[in-house]
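# A structural walkthrough
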Amino acid sequence: METTYDVLASADVPAIWPGFFASRKQKAPKQVEVTGSQAADEGKRCILVVEDHDDTLRSMKMLLARLGYEVLAAENMTDALRISEEQHFDILLSDIGLPDGTGLELLRRLRAKRHIKALALSGFGMDEDVERSYEAGFADHLTKPVSIDRLQAAISQLEAESG
């Protein structure tokens, strides 16, 4: 069964429904931006999400943050490589089709420097696409649109394998 999450903060509630949402008017404490290295110091897992589609990237960032992960984001391979030089992250979640390369190439380049746990994210889910992801070293190939449960299971599997 799919899991759903409330993604509307109280500030997102339309003004015409104040009585209906009166119990939700609590102010959340302002969140401090945490970098990947700070997340490592605090013992939180950090995920680098590489996705060129704005809505998908925004949704993944919000979902992963609500699941308790620190999230770094890149829209292309160049930005992902730069972030990997500047920030620590535990898991790579990368789209396969990027504007300046592929997720397969990105993983190859990142693994030339250090071991990276990685999940592929793609709109293509044919057997050949999945096989290419596994051959490149991705632990799993998630086909868009990916369910919350499927994403969480894939991340949990990676974390269990690393101990």
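This text follows the structure it describes.
The notes below deal with the structure included here. Computed from a prediction, not measured in an experiment: that's the story for all the values here.

### Side note on the pattern of salt bridges
- Scanning the model with the defined rule gives ten salt bridges in all.
- For Arg 58, the salt bridge goes to Asp 55, with nearest N and O atoms at 2.4 Å. Highlighted residues: Arg 58 and Asp 55, both in helix 2 (residues 54–66), separated by three residues, approximately one helical turn.
- Classification of Asp 55 by relative accessible area gives partly exposed; the value is 43%.
- Where Arg 82 meets Glu 86, a salt bridge forms, and the shortest distance between an N and an O atom there is 3.2 Å. One end of the pair, Arg 82, and the other, Glu 86, are both in helix 3 (residues 77–86), four residues apart, so they sit about a helical turn from each other.

### Examining the sheet that holds strand 2 (residues 70–74)
- Spatially, five strands are ordered 2-1-3-6-7 in an open sheet, and the strand pairing comes out parallel. In the strand order of this sheet, the two ends are held by strand 2 and strand 7 (140–143), each with one partner. Across the sheet, the mean angle from the axis of one strand to that of its neighbour is 20 degrees, orientation sign disregarded.
- Across four bridges, strand 6 (residues 117–122) lies against strand 7 in parallel orientation. Bridge pairing links Ala 120 to His 141 in strand 7.
- In the packing of helix 2 onto the sheet, the strands contacted are strand 1 (46–50), strand 2, strand 3 (91–95) and strand 6, and the crossing angle to strand 2 comes to about 165 degrees.
- The strands that helix 4 (residues 103–111) touches are strand 1, strand 3 and strand 6; relative to strand 3, the one it contacts most, it runs at about 155 degrees.

### Regarding the nonpolar core
- Counting residues in hydrophobic clusters, the biggest one holds 20 residues, and the most contacted among them are Leu 48, Val 50, Phe 89, Leu 92, Leu 106 and Leu 110.
- Looking at this core, the elements with two or more residues in it are strand 1, strand 2, helix 3, helix 4 and strand 6.
- Per element, the largest residue contribution to this core is four residues, and it comes from helix 3.
- Each residue touching Phe 89, except ones within four places of it in the same chain, is listed here: Cys 46, Leu 48, Leu 72, Ser 84, Leu 110, Arg 114 and Ile 116.
- Membership of the second largest hydrophobic core comes to 17 residues, among which are Val 49, Leu 63, Ile 91 and Leu 93.

### Brief notes about the environment of Leu 98
- Locating Leu 98 in the fold gives a position in strand 4 (residues 97–98).
- Residue Leu 98 is classed as buried on the basis of its relative accessible area, which comes to 9%.
- C-alpha separation for the pair Leu 98 and Glu 75, spaced 23 residues apart in sequence, amounts to 7.9 Å.
- Excluding its chain neighbours within four sequence positions, the residues that come into contact with Leu 98 are Val 50, Asp 52, Met 77, Gly 103 and Leu 106.

Calculation notes
Residues numbered from 1 in each chain as written. Predicted model: local features only at pLDDT ≥ 70, side-chain atom pairs only at ≥ 80, totals over all residues. Heavy atoms only, no water. Salt bridge = Lys/Arg side-chain N within 4 Å of Asp/Glu carboxyl O. Helix = DSSP H or I, 4+ residues; strand = E, 2+ residues; numbered from the N terminus. Buried < 20%, exposed > 50% of the residue type's maximum accessible area, 1.4 Å probe, protein only. Pairing = 2+ DSSP bridges. Axes fitted to C-alpha atoms, helices over the stretch in contact; angles between N-to-C directions. Contact = heavy atoms within 4.5 Å. Core = buried A, V, L, I, M, F, W, Y, C linked by side-chain atoms within 4.5 Å.

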